[in-house]
Structures are given as structure tokens and as C-alpha cells.
Amino acid sequence: MMLTQTMEKMRALKLWGMLEALENQQSMADVGQLSFETRIGLLIDREENYRNFKRTSSRLKAAKLKDASACIEDLDFKTPRSLDKAMLLSLAGCDWIRHHQNVIITGPTGVGKGFVSSALVQRACMEGMTALFIRIPRLFSELALARVDGRYYKLMATYARADVVIFDDWGQALSENERRDFLEIIEDRYGARSTIITSQVPPEEWPTIIGEPTVADAIMDRLLNNAHRIAMTGPSMRKLRSKQLTPQGNLSTTPTVQ
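To start, this report covers the structure provided alongside it. Source: prediction; values computed, not measured.

Next up on the list: the sheet that holds strand E2 (residues 131-135). Two strands in a sheet stick together by hydrogen bonds in their backbones, pointing the same way (parallel) or opposite ways (antiparallel). Taken in spatial order, the five strands line up as E2-E3-E4-E1-E5 in an open sheet, and their pairing is parallel. If you trace the sheet from one side to the other, it starts and ends with E2 and strand E5 (227-231), each paired once. For this sheet the average axis-to-axis angle between neighbouring strands, irrespective of direction, equals 15°. Here strand E1 (residues 102-106) pairs with E5 via five bridges, running parallel. Looking at the pairing, Val103 lines up with His228 of E5.

Now the structure itself:
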């Protein structure tokens, strides 16, 4: 009876990790050989792990990553793409985010820029950092709408607040409002938060995209001054993955990496 009441209290308190651990302990034949200190320690460890998992899952969900399953461990370093393994593993430590630095990832379509950026942000979420993924075309359409319905400053605050933001698919020519908005976002984040830019266009061509020379200089200075650059080359990973299809049109059981 006492055990049943204890488990009910755990449910009421939403101690789901401890409850699961306690249920597991009850199914162990040799549980009586464990000391009280060991058993309570195992319960607390399971609760801590459960809460960490839930917090990480929540941060990943809020980030709205392009590829939520992406992780550093699944990066393909064998396919020639000019990926520096030592650099990527170093970035996986997240010190660049703690030091408020940026990452610029460029390369042709399909080469895996989105996977690499999502893998870096997945690791950041595991380290307790907040993140946000947004495609550049959607960014400017959302800001234009926010100007009309009164959410502009709230939306700008959202972009400024996240520990790391991925601005995906940078490369479209900017209007006057768009380049001013983007400068404002980058200004808010510079020296305080970290930014990832993915683009098919090399940074040398960005001033033409931005347009206004003065604004272009300001944006370029804040993005590139403290940035780690990853210039990817090589084949489309989507095309390589399509070759894993079996004759019946089903995916091979071989795990996919990018």
C-alpha cells in the first residue's frame, strides 16, 4: 500500500523519471541487494535525465529546424565536400556561441549546408541554449506582415533574443526596408548572440545582394568580423541519397548521413 501511494504521489508531482525508475527497480530480481542510498540515487539520476531530455526536446521544437534529426555524429566526412572535421568537432563544443561568434556556411544547392547548420544548433540545444531557424524569404515576408498587424517590435525582439539563429538561404536581392530590417537584426545580435548564415552565394558577392554600400558594409562587418567560415563543395547529397534507393523504390536500410 505504501509503495502504491508513493507512486501516486510521484504521478501527482509529475516526477515521471523517478516513477519510471521505481517501476524498473520493482521488476529487478536482486533489487533487495541495493542499498537505500543507491536506490534513491538511481531515482534522482533518472529524474534528472528525464528533465534534461524534456528541456532539450522543447528547445529543439521551438527552434523549428529544417532537419530536426541532424546531429554532428551523422555528418559524412568521407564524401569530398571540403568539410574540416577538426573544425566541425570544435564548433560542436559550442564555445563559438558562448563567445558570441558567427558561422557562415556556403556552397551549392544540396551539398548539405542545412544539415550542417541544423547539427550545430542541435548540439547547442543539448547544451541548454535557445535557437531559431528561419528562411530568409520567410523572414522578410513575416516582417512585412508584422508591420501591418503591430507585431513588428515583438518579432524583432524574438530574433534578437535567441542564443543562436540560422538565417537559411541568404542570397536574394534586398529592398530598402529589407536591408534596414536585416541590419537592425544583426546589430541587435552582434557581440551578444550568435548567427549562422547559409548561402549559395560566397560572401564576396553579398554587397551586390544587399545593395546600399553603407548598409552593406555595416552588415558585412558585423557578420564576418568574428565568423567561422565553412565553404562547402562537392556533389548534391540529395542525389547521392537517391542512389540508396532499392530497385523497388524503397530506401536502403543503410543509415543516411550528410
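In total, this model carries five aromatic pairs according to the counting rule given. Residues Tyr152 and Tyr153 carry aromatic rings whose centres are separated by 5.2 Å and whose planes lie at 85° to one another, so their mutual orientation is edge-to-face. Assessed through its relative accessible area of 72%, Tyr153 is described here as exposed. Summarising the aromatic geometry, the rings of Trp170 and Phe182 are spaced 4.7 Å apart at their centres and angled 25° between planes, so their arrangement reads as stacked. In this pair, Trp170 sits in strand E3 (residues 164-170) while Phe182 sits in helix H9 (residues 176-189), placing the two residues twelve residues apart along the sequence. The pair formed by Trp170 and Phe182 is uniform in burial state, with each residue classed as buried. By the ring-pair criterion, three or more aromatic residues cluster together here, those being Phe140, Phe167, Trp170, Phe182 and Trp206.

Reading the values: rules and limits
Residues numbered from 1 in each chain as written. Predicted model: local features only at pLDDT ≥ 70, side-chain atom pairs only at ≥ 80, totals over all residues. Heavy atoms only, no water. Pairing = 2+ DSSP bridges. Helix = DSSP H or I, 4+ residues; strand = E, 2+ residues; numbered from the N terminus. Axes fitted to C-alpha atoms, helices over the stretch in contact; angles between N-to-C directions. Phe/Tyr/Trp six-rings, centres within 6.5 Å; stacked < 30°, edge-to-face > 60°. Buried < 20%, exposed > 50% of the residue type's maximum accessible area, 1.4 Å probe, protein only.

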